[in-house]
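# Secondary and tertiary structure notes
Now for the letters of each chain:
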Amino acid sequence: MVVALVVLVTVVGCTGGDGADPVPTDVPASTSAAPSAATRTPTPTTPSPAANPVSIPGLIQREHTGSDLRLGDVLTRTTAYTRYAVTYEANGLTISGIMNIPTGKGPFPALVLAHGYIDPDVYTTGRGLAREQDLLARNGYVVLHTDYRNHATSDDDPDNDVNLRLGYTEDVIGAVLALRSSTRPEIDGDRIGLLGRSMGGGVTYNTLVVEPGLVDAAVVFAPVSSRPAENVDRFQRSEGDPIVNEIEATHGTPEQNPKFWREVSPITYADRLTEPLLIHHGTADDTCPITWSRQTTAAFKAAGKDVQLKEYEGEAHAFGPQWPASMDTTMAFFAQHLR
């Protein structure tokens, strides 16, 4: 039982504390394995013909798959949950991650967690959202934290950076489908939510507009802009990242090819959102300005969508003193929509 205590294509994301290693260990690790699961393929709404594959309409047209959720080594045993290394299939790639399964009799509702930007060269499996992974599992959720492609032991996608990392959205959609198609008795495939942080907030926005109805509800913390050019300017162009030249050589600048940049923004497709969305953002966030969340919220609301923005006075990007209160609100939100 949950205890109620108390979006854009991301070109690079905000770090803000997401690089912390995962938390607790009550008992030394051992090993375990589990059988694979069948594939479930949704029927997406199809936009106009011949959409650019590197776009939100291109993702909408694609027939996404997610399957073969496999539990590997036990990484941690606590009194509240067991933490496993996992893999699953997403659109033909094998993606790694971790899964926390609560102790006790399931099935439990499940959450897919989408982490913020961590340099893939230093990233280790399950890294990021450590506090959330732990707390949510202790409160009765199966937690699947995806590593994304090009991270940890996931398969590589050499075009992912030039293509604005849209592949991360495919990995999150695949994670939900893999959970839903799993035959594991601990997982309730009819109750699934999303939680994304920073860059993962943008991935969550994309997922919600690409696959309406895929999940029951979503929460994002300190998300990036839902307009990709703003992220490129803030996190890459200002740092002299050479990938910007490759992106613009391939897709054009916003001035040269406004259609492309409009079509890689989830807010262009705000009318497709069908699930309730909760956004947390601190007023002192100097990594991802709160203005971005205010603008995104206004756009979703203008489309008549169920979106809430919770502002935290003086809170920075990583969320410190007010993180417990934000998680109380988060768990109450999921309890309302997933139960």
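Notes on the structure in this doc start here. (Residues numbered from 1 in each chain as written. Predicted model: local features only at pLDDT ≥ 70, side-chain atom pairs only at ≥ 80, totals over all residues. Heavy atoms only, no water.)

### A short note on the overall build of the protein chain
Scanning the protein chain from terminus to terminus reveals 9 helices and 9 strands. Working note: accessible area of the protein chain is about 12,600 Å², and carbon and sulfur atoms make up 50% of it. (Helix = DSSP H or I, 4+ residues; strand = E, 2+ residues; numbered from the N terminus. Areas by Shrake-Rupley, 256 points an atom, 1.4 Å probe, with all protein chains shown as cover.)

### A word on the packing of helix α3 (residues 167-181) against helix α4 (residues 199-210)
Packed helices, taken two at a time, are described by the angle between their axes plus the distance between the axes. Two elements in contact, α3 and α4, have axes whose closest approach is 9 Å; the angle formed by their N-to-C orientations is 70 degrees. With respect to their mutual orientation, α3 and α4 come out roughly perpendicular. Between α3 and α4 the crossing geometry is right-handed. Seen from α3, the contacting residues are Tyr168, Thr169, Val172 and Ile173; seen from α4, they are Met199, Val203, Asn206, Thr207 and Val210. (Axes fitted to C-alpha atoms, helices over the stretch in contact; angles between N-to-C directions. Parallel < 35°, antiparallel > 145°, perpendicular 65-115°, else oblique. Left-handed = near helix turned anticlockwise from the far one by under 90°. Contact = heavy atoms within 4.5 Å.)

### Some details on the pattern of salt bridges
By the definition in use, this model includes 12 salt bridges. Measuring nitrogen to oxygen at the nearest pair gives 2.9 Å for the salt bridge that ties Glu186 to Arg184. Judged by its relative accessible area of 17%, Arg184 falls in the buried class. We note a salt bridge from Arg237 to Asp233, for which the minimum N-O separation is 2.7 Å. Residue classification places Arg237 among the partly exposed positions, given a relative accessible area of 39%. Members of the salt-bridge network, linked through shared partners, are Arg149, Asp157 and Asp171. (Salt bridge = Lys/Arg side-chain N within 4 Å of Asp/Glu carboxyl O. Buried < 20%, exposed > 50% of the residue type's maximum accessible area, 1.4 Å probe, protein only.)

### Details of the packing of aromatic side chains
Enumeration according to the criterion identifies 8 aromatic pairs in this entry. Between Phe221 and Phe319 the ring centres are 5.4 Å apart and the planes differ by 85 degrees, which places this aromatic pair in the edge-to-face class. Of the two residues, Phe221 sits in strand β7 (residues 217-221) while Phe319 sits in the loop between β9 (307-312) and α9 (323-338), which places them 98 residues apart along the sequence. Of the two residues examined, Phe221 and Phe319, each falls in the buried class. Seen from their ring centres, Phe260 and Trp261 are 5.4 Å apart, and the 90 degrees between their planes marks the pair as edge-to-face. With a relative accessible area of 4%, Phe260 lands in the buried category. The structure contains a cluster of three or more aromatic residues connected by ring pairs, namely Tyr141, Phe333 and Phe334. (Phe/Tyr/Trp six-rings, centres within 6.5 Å; stacked < 30°, edge-to-face > 60°.)

### Describing the environment of Ala90
Relative to the helices and strands, Ala90 is located in strand β2 (residues 81-90). By relative accessible area, which is 0% here, Ala90 ends up buried. Once the C-alpha coordinates of Ala90 and Ile173 are considered, the two residues, 83 residues apart in sequence, prove to be 7.7 Å apart.

Function cannot be read off these values alone, since they describe shape.
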